[in-house]
Amino acid sequence: MLEGLGEYGYWGLLLASFLAATVLPFSSEVVFAALIAAGMDVWASILYATIGNAAGGATCYYVGKLGKTEWLEKWFKIKPEKIDKMIRWLHGKGAVMGFFGFLPAVGDAILVALGFMRANVPVVMVSMTIGKFSRYVLIGFGTGQILSWF
C-alpha cells in the first residue's frame, strides 16, 4: 500500500500522513523518505506530510472529544484503560502536550486523551502541528544527509 501512495507524489504523501495518524497502523515516514530519495522537493514534502498528519491528529482529538470508547477500541485499537492512564498523566500538564502527538505508540493516545479532557483546541492544534512539523523537518533533512553519503 505504501508504494502505491508514493506513486501519487505529494497527494499520496498527504493521504499516507493522514492515515498514519488515524486508522491504519503504518508509518508515513517510509513514503516521505522515498519521495525525497526520488527527488521531490524537501520543503514541499514537509508541508504536505505535516498537513496530512496534523489533520489525522485533529481527527484523533475530535474522536476523543466525542467520548465514544467503543470507537477508540474499534478504529484506533486504544483500550479505555490506556486513555484513563493517559488522562491521569496529562492532568495538570495542559494542552501544550499535544506537541508530543507525533510520538509512536503513545501519540494517538495523547491526542485522544486531550480530546476527552476537552483541552484548549487552538493550543492543542498549534502545539501538535509544531511537533509534527519538527519531526518531518528532522526526517527530511536527515534523509537528505544520508542520501548525500551515497
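Our subject is the structure listed above.
Below, the structure is looked at part by part. (Residues numbered from 1 in each chain as written. Predicted model: local features only at pLDDT ≥ 70, side-chain atom pairs only at ≥ 80, totals over all residues. Heavy atoms only, no water.)

Side note on the overall build of the protein chain
Helix and strand counts for the protein chain come out as eight helices and zero strands. Ordered by position from the N terminus, the helices and strands of the protein chain form the series α-α-α-α-α-α-α-α. Taking 15 Å as the expected radius of gyration for a compact globule of 150 residues, we find that the protein chain reaches 16 Å, a close match to that expectation. Taking the principal axes of its C-alpha atoms as reference, the protein chain extends roughly 45 × 30 × 25 Å. Burial statistics for the protein chain: of 150 residues in total, 41% are counted as buried. Contacts spanning at least 24 positions in sequence make up 72% of the contacts within the protein chain whose residues lie at least 6 apart. Within the structure as shown, the protein chain displays about 8,000 Å² of accessible surface, and the carbon and sulfur contribution to it stands at 70%. Put simply, the protein chain has 12 plus and 9 minus side-chain charges, and the middle of one group is 10 Å from the middle of the other. (Helix = DSSP H or I, 4+ residues; strand = E, 2+ residues; numbered from the N terminus. Rg over C-alpha atoms; globule rule 2.2 N^0.38 Å. Buried < 20%, exposed > 50% of the residue type's maximum accessible area, 1.4 Å probe, protein only. Contact = heavy atoms within 4.5 Å. Areas by Shrake-Rupley, 256 points an atom, 1.4 Å probe, with all protein chains shown as cover. Lys, Arg positive; Asp, Glu negative; His and termini not counted. Charge placed at Lys NZ, Arg CZ, Asp CG, Glu CD.)

Brief notes about helix α7 (residues 107-116)
The element α7 is largely enclosed, with a buried count of eight among its ten residues. Looking only at α7, the buried set comprises Gly107, Ala109, Ile110, Leu111, Val112, Ala113, Leu114 and Gly115. Phi turns positive, to about 60°, at Arg118, one or two residues after α7.

Some remarks on the packing of aromatic side chains
On inspection of all chains with the given rule, the structure shows eight aromatic pairs. Residues Phe32 and Tyr136 carry aromatic rings whose centres are separated by 5.0 Å and whose planes lie at 55° to one another, so their mutual orientation is tilted. Separated by 104 residues along the polypeptide, Phe32 in helix α3 (residues 28-37) and Tyr136 in helix α8 (residues 121-148) bring together distant segments of the chain. Of the two residues, Phe32 and Tyr136, neither departs from the other in class, the shared state being buried. Pairing Phe99 with Phe102 gives two aromatic rings, centres 5.8 Å apart and planes at 85°, and the pair type is edge-to-face. When its relative accessible area of 27% is taken as the criterion, Phe99 is described as partly exposed. An aromatic cluster is built from Tyr10, Trp11 and Tyr48, whose rings are joined through pairwise contacts. Positioned above the aromatic ring of Tyr136, the side-chain terminus of Arg135 is 4.4 Å from the ring centre. (Phe/Tyr/Trp six-rings, centres within 6.5 Å; stacked < 30°, edge-to-face > 60°. Lys NZ or Arg CZ within 6 Å of the ring centre and 35° of its normal.)

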